[in-house]
Amino acid sequence: MEWQPDEQGLQQVLQLLRDSQSPDTATQRSVQQKLEQLNQYPDFNNYLIFVLTRLKTEDEPTRSLSGLILKNNVKVHYQNFPPGVAHFIKQECLNSIGDPSPLIRATIGILITTISTKGELQTWPELLPQLCNMLNSEDYNTCEGSFGALQKICEDSSELLDSDALNRPLNIMIPKFLQFFKHCSPKIRSHAIACVNQFIIGRAQALMDNIDTFIESLFALATDEDCEVRKNVCRALVMLLEVRIDRLIPHMHSIVEYMLQRTRDPDENVSLEACEFWLTLAEQPICKEAVSGHLAQLVPVLVNGMKYSEIDIILLKGDVEEDEAVPDNEQDIKPRFHKSRTVTLRHESTEGGEGADSEDEDDDDDDDDDSLSDWNLRKCSAAALDVLANVFRDELLPHLLPVLKELLFHPDWVVKESGILVLGAIAEGCMQDMVPYLPELIPELIRCLCDKKALVRSITCWTLSRYAHWVVSQPADSYLKPLMTELLRRILDSNKRVQEAACSAFATLEEEACTELVPYLSFILDTLVFAFGKYQHKNLLILYDAIGTLADSVGHHLNQQEYIQKLMPPLIQKWNELKDEDKDLFPLLECLSSVATALQSGFLPYCEPVYQRCVTLVQKNLAQAMMYSQHPDQYESPDKDFMIVALDLLSGLAEGLGSHVDQLVARSNIMTLLFQCMQDTMPEVRQSSFALLGDLTKACFVHVKPCIAEFMPVLGHNLNPEFISVCNNATWAIGEIAIQMGTEMQPFVALVLGSLVEIINRANTPKTLLENTAITIGRLGYVCPQEVAPMLPQFVQPWCTSLRNIRDNEEKDSAFRGICVMIGVNPGGVVQDFIFFCDAVASWVNPKDDLRDMFYKILHGFKDQVGDDNWKQFSEQFPPLLKERLSACYGV
């Protein structure tokens, strides 16, 4: 007997569905309670599917809602459905996939894919064959409904479909889908391409076997009249560019011409997909060859896409010029993530900000208008122009200059604004060739900072920040001073978007200008402090960044009574207003950490409450974690970011205040808390605790020393390069501890040395970790040469190569003293790799006199040992520069 609903039960369910469409919150609450009760009845779900598939007398929104409630039940409770109920639901889905209503068909499709992702693809063997069969139906609704469901399954389960688990159904499905590329209905053609597209990136074998048919079929649809079809064709070609460029290369000329046409498509969804093509192509080696003949056509198309659309302007409230008094909508404020502290060393190459280490810098400066953070044609076109400028460099500008002149002086602000965005987008790639125009352009842009349209002012802030490096390289009065003056005015603009753009641009300028800003500090601080009283919530968070970056950039120059009195009161006032649970503490703590490091002793009057609060934050967080682990049902797990940020600010205090932090540490239980943090399950917590341990070791070792016997095994245990930053900070802390412990380090060397030697010899170890490892091995060797020197042959070569590029500094000094002492103990250990030692010695610019003597003795000792002839033969292998330096500095 087939299941039939009870009339009374059915009425109850229908009433519930009607109530749940009511806007009243009290009604909504009672609906939730009802649902909980009804879910106790196993056949409640039968009623829901019955309403969806059979009850044609009800209106479609009610039937669809019934299906969506069922979908949620499937998500949460499917494993508890009695077999009869599950069977009835599956059968109903397949029987009604061809419902005349598109809404009902789509709802059933969602339901089918939800069931299949609950591990049911394996236990519902008839699903795929039946859906594929129904594609052949003469009835359009059945064909479209089945395709809709298949598309959702392909989206949700693409990997499973391409596995042996299901007996490789794609071998049948993909050729089947390809047949439908020629179907007379555009909706069906679009479904068919969308289904196949799910398998490009994963390189499904069944698709690779049919790749040529697929590409030919795409070409046949190139000029389809339906925009959804054109969008899916463009999407397919963009993915094929990444996965099977070999198959596209023979047709590249016509593909590029086609994409040029599509990037101008009247439908923005199509033009956006097509525009992605240029972004992807720019990453391919063949880009230059493929595009260079088309640059003259492509550049104007991309530039044209960079204008705000009418919809953008409405969404951005582009006609609202003054909104500084309007409070922010809390939903618009993106969550903040704190980047934990990593200890790094200064390099030779970073002089003047050029070639700074970009291993982990995330390039987020292209986000010129992130409140429209949805990806759109404007952003995609700008990003494409940016990457192409980096590929073509000087070849791009001749195509741009004529267009640019017209844009920048256009009477329509929307066009002018897009021209300013173009200038910013090409700044990185075309910088060399832009230089001759900058003396005229920069003053013109500074004038645009006063434009009457807020959106012009905000984009100009961004574009100018992209040329900050050049501005700073010129005499200050020519450009830096006028730019800074005007940017500071924009920080106090009456429009929130301009305030935000100006703050971000100013932070970039601070990073480039560093101490060049010192003469203007008073003026800068007046502006930033005034902004404190003016800003709404979201921009306040960006203001903290600008202040922190200022402190990082000018360093100890900030430590003057006049500046401290301007800056500290508003920061401390905010600090006192915020509760311990408020995430706004993150950017404020980061800011204070930079300020404390810069002010050094100048921060003393403020350090006690700040220090106490950080310790409290750590303590609360650890206590909450403890309660959560014991009673997960009663307590929430803590947000450990609070603990990480607090540990990092404590590091900033220890680094800034140095020995002054002694009293604070003495009066708190920070060492006990630190011991717990060092063993936390979350890597970022351990990373920050090792940084703090190193900073406390330098600042007030008397408090660290009693804990060393407990701490060292934990440090040794964390020398695991799987967690790069944790390992890096633990390594650094061990080195700092060794310097303080001296010979008393001896019992602990064996705990760590083996791992350090292993790390320095690993392939692909990141540069920062290699350098810190080398420094620490050197420091251990300096204090305990007898223990470390026997291992010299195992590490001396990578040791020398990793330290040759570091600037002369304390760390390098102590490490090289260590290697010299070890060579004294075990001279044989360095014989095989002596040329590497010579090269490392030559990397010193000004070693201290006694260190220079150590180098001298070792070099001459080696020369005397092998005799003049052998030395001559040996030094013949030296590169000319090395020969020159050693002979000039050490007379060998």
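Owing to the predicted nature of the structure, the values given are computational and were not obtained by experimental measurement.

Thresholds applied
- Residues numbered from 1 in each chain as written.
- Predicted model: local features only at pLDDT ≥ 70, side-chain atom pairs only at ≥ 80, totals over all residues.
- Heavy atoms only, no water.
- Helix = DSSP H or I, 4+ residues; strand = E, 2+ residues; numbered from the N terminus.
- Contact = heavy atoms within 4.5 Å.
- Areas by Shrake-Rupley, 256 points an atom, 1.4 Å probe, with all protein chains shown as cover.
- Lys, Arg positive; Asp, Glu negative; His and termini not counted.
- Charge placed at Lys NZ, Arg CZ, Asp CG, Glu CD.
- Core = buried A, V, L, I, M, F, W, Y, C linked by side-chain atoms within 4.5 Å.
- Buried < 20%, exposed > 50% of the residue type's maximum accessible area, 1.4 Å probe, protein only.
- Phe/Tyr/Trp six-rings, centres within 6.5 Å; stacked < 30°, edge-to-face > 60°.
- Lys NZ or Arg CZ within 6 Å of the ring centre and 35° of its normal.
- Disulfide = S-S within 2.5 Å.
- Salt bridge = Lys/Arg side-chain N within 4 Å of Asp/Glu carboxyl O.
- Arc of directions from axis to C-beta.
- Expected span 1.5 Å × (residues − 1).
- Axes fitted to C-alpha atoms, helices over the stretch in contact; angles between N-to-C directions.
- Left-handed = near helix turned anticlockwise from the far one by under 90°.
- Nonpolar A, V, L, I, M, F, W, Y, C, P; charged D, E, K, R; others polar.
- pLDDT = per-residue confidence, 0-100.
- Parallel < 35°, antiparallel > 145°, perpendicular 65-115°, else oblique.

1. What to know about the overall build of the protein chain
Helix and strand content of the protein chain: 50 helices and zero strands. Dimensions of the protein chain along its principal axes, counting C-alpha atoms only, are 100 × 70 × 65 Å. The contacts in the protein chain between residues at least 6 apart in sequence include a share of 75% that link residues at least 24 apart. Accessible surface, the protein chain as shown: approximately 39400 Å² in total, 51% of it carbon and sulfur. Looking at charge distribution, the protein chain has the averaged site of its 75 positive side-chain charges lying 1 Å from that of its 127 negative ones.

2. Quick word on the nonpolar core
Judged by nonpolar contacts, the single largest core of 317 residues is most densely connected at F214, W278, I426, F603, M745, W799 and I819. Here the element with the most residues in this core is helix α35 (residues 641-657); it accounts for eleven residues. When neighbours within four sequence positions are excluded, F214 is seen to be in contact with L178, F181, V196, N197, I200, L207, A236 and L240.

3. Regarding the environment of G656
Within the fold, G656 resides in helix α35. Dropping the residues within four chain positions of it, G656 is found in contact with A596, T597, Q600 and S601.

4. Structural notes on the packing of aromatic side chains
Centre distance and the angle of the planes are the two values used to describe a pair of aromatic rings. Taken as a whole and assessed by the stated rule, the structure comprises 23 aromatic pairs. Residues F277 and W278 carry aromatic rings whose centres are separated by 5.0 Å and whose planes lie at 85° to one another, so their mutual orientation is edge-to-face. A relative accessible area of 0% means that F277 is categorised as buried. We classify W278 as buried; its relative accessible area is 1%. Where F862 meets W871, the ring centres are 6.1 Å apart and the plane angle is 70°; that geometry is what we call edge-to-face. Chaining the aromatic ring pairs together yields one cluster made of W799, F816, F834, F837, W844, F855, F862, W871, F874, F878 and Y890. Stacked on the ring of Y308, the Lys or Arg R378 has its end atom at 3.7 Å from the ring centre. One residue, R686, lies across the ring of F723, its end atom 5.3 Å from the ring centre.

5. Regarding the state of the cysteines
For the structure on display, the rule yields zero disulfides. Counting only cysteine sulfurs, C275 is the nearest neighbor of C380, a cysteine outside any disulfide, at a range of 3.7 Å.

6. Side note on the pattern of salt bridges
By the definition in use, this model includes 39 salt bridges. The salt bridge partner of D526 is K566, with a shortest N-O separation of 2.9 Å. Taken as a pair, D526 in helix α30 (residues 521-534) and K566 in helix α32 (residues 561-577) lie far apart in primary sequence, 40 residues in all. Its salt-bridge partner being D813, residue R817 comes within 2.6 Å of it at the nearest N-O pair.

7. Section: helix α49 (residues 868-875)
The set of residues buried in α49 consists of W871, F874 and S875. For α49, the arc enclosing every buried residue in end-on projection is 90°, short of the 170-degree limit, so these residues lie on one face. Along α49, exposed side chains directed more than 90 degrees from the buried face belong to D869, K872 and Q873.

8. Quick word on helix α38 (residues 683-699)
Over its 17 residues, α38 runs 24 Å from end to end, which matches the ideal 24 Å to within 8%, given 1.5 Å per residue. The element α38 is largely enclosed, with a buried count of 14 among its 17 residues.

9. Brief notes about the packing of helix α46 (residues 810-825) against helix α48 (residues 849-866)
For any two helices packed against each other, the geometry comes down to the angle between their axes and how far apart the axes lie. The interhelical angle for the contact between α46 and α48, taken along N-to-C directions, is 35°, at an axis separation of 10 Å. Every pair of crossing elements has a handedness; the one defined by α46 and α48 is left-handed. In this structure, α46 contributes D813, F816, R817, C820, V821 and I823 to the contact, and α48 contributes D850, L851, M854, F855 and I858. Among the residues making up the contact of α46 with α48, the classes are represented as eight nonpolar, no polar and three charged.

10. Quick word on unusual backbone geometry
Excluding glycine, a negative phi dihedral is what most residues carry, and trans is how most peptide bonds are arranged. Notably, C514 is not glycine yet its phi reads approximately 45°, a positive angle. By the element assignment, C514 lies in the loop between α29 (496-513) and α30. The phi torsion at N764 lies on the positive side, around 65°, for a residue other than glycine. Within the secondary structure, N764 is located in the loop between α42 (749-760) and α43 (767-783).

11. Focus on the confidence of the model for the protein chain
With 95% of its residues at a pLDDT of 70 or more, the protein chain shows a mean pLDDT of 87. Low confidence marks residues 348-372, where pLDDT is under 50. Its contacts with residues over four positions away, or in another chain, come to 44 contacts.

12. Here we look at the side chain of S146
Checked against the element boundaries, S146 lands in helix α8 (residues 140-156). Judged by relative accessible area, which is 0%, S146 ranks as buried. Contacts of S146, omitting those with residues within four sequence positions, involve I97, L131, M134 and L135.

13. A few points about the environment of T616
For T616, the location among the structural elements is in helix α34 (residues 604-630). Residue classification places T616 among the partly exposed positions, given a relative accessible area of 33%. The spacing of T616 and I670 is 54 residues in sequence and 9.6 Å in space, taken between C-alpha atoms.

14. Comments concerning the packing of helix α17 (residues 268-281) against helix α21 (residues 377-392)
Viewed as axis vectors pointing N to C, α17 and α21 meet at an angle of 15°, and their least axial separation amounts to 9 Å. Here α21 runs roughly parallel to α17, going by the angle between their axes. Handedness of the crossing formed by α17 with α21: left-handed. From α17, E268, S271, L272, C275, E276, W278 and L279 reach across to α21, where they touch L377, C380, S381, A383, A384, V387 and L388. A breakdown of the residues in the contact of α17 with α21 according to their chemical character gives ten nonpolar, two polar and two charged.

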